[in-house]
Amino acid sequence: MRGEERVSPALDERIHHPTRLAVMAFLSGCTEAEFRAVREGCGISDSVLSKVVGALEAAEYVKVRKGYVGKRPRTWLRLSPEGRRALLAHLAALRDLAAQAAALGAVADEASAAEA
């Protein structure tokens, strides 16, 4: 199907985009992270991270806290409990897809070997 992306229903469309998945994975490894650390850890720009955080916050997967360090404004990000559960379910769905692909590949390999 050209031009159409088909995604397994078990995959969470709100997380599935690689940049969103990277941000969620980064945040899963900490209690809370400063915006700058997430940006640098994921190798993305401020504007891209802002857009991703907005989408994940709207899905209630990420919580945003704003404050100051001295006189400088800072933003901290963390996964919500719902976000953590959604990430774990998404990763489980990815593992299931990988296992299905491996099983189908083994069947195809056996069929090719039998034909040879």
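Residues numbered from 1 in each chain as written. Predicted model: local features only at pLDDT ≥ 70, side-chain atom pairs only at ≥ 80, totals over all residues. Heavy atoms only, no water.

**Focus on the sheet that holds strand β2 (residues 62-69)**
- Read across the open sheet, the three strands follow the order β1-β3-β2; overall the sheet is antiparallel. In this open sheet, the two edge strands, each paired with only one partner strand, are β1 (33-34) and β2.
- Sheet topology note: the β2/strand β3 (residues 72-79) ladder contains eight bridges and is antiparallel. Counted as the bridge partner of valine 64 is leucine 77 from β3.
- Together, β1, β2 and β3 form the strand contacts of helix α2 (residues 18-28), whose direction differs from that of β3 by roughly 90°. (Pairing = 2+ DSSP bridges. Helix = DSSP H or I, 4+ residues; strand = E, 2+ residues; numbered from the N terminus. Contact = heavy atoms within 4.5 Å. Axes fitted to C-alpha atoms, helices over the stretch in contact; angles between N-to-C directions.)

**A closer look at the packing of helix α3 (residues 35-42) against helix α4 (residues 46-58)**
- In the contact formed by α3 and α4, the axes pass within 10 Å of each other and the chain directions differ by 110°. Compared by their axis directions, α3 and α4 come out roughly perpendicular. Between α3 and α4, the contacting residues are Phe35, Val38 and Arg39 on the first element and Asp46, Leu49 and Ser50 on the second.
- Counted by class, the contact of α3 with α4 contains three nonpolar, one polar and two charged residues. (Parallel < 35°, antiparallel > 145°, perpendicular 65-115°, else oblique. Nonpolar A, V, L, I, M, F, W, Y, C, P; charged D, E, K, R; others polar.)

**A few points about the packing of aromatic side chains**
- In this structure the tally under the stated criterion is zero aromatic pairs.
- When the ring centre of tryptophan 76 is taken as reference, the NZ or CZ atom of arginine 65 above it lies at 4.2 Å. (Phe/Tyr/Trp six-rings, centres within 6.5 Å; stacked < 30°, edge-to-face > 60°. Lys NZ or Arg CZ within 6 Å of the ring centre and 35° of its normal.)

**Remarks on unusual backbone geometry**
- Residue glutamate 60 is not a glycine yet carries a positive backbone phi of 65°.
- In this structure, glutamate 60 sits in the loop between α4 and β2.

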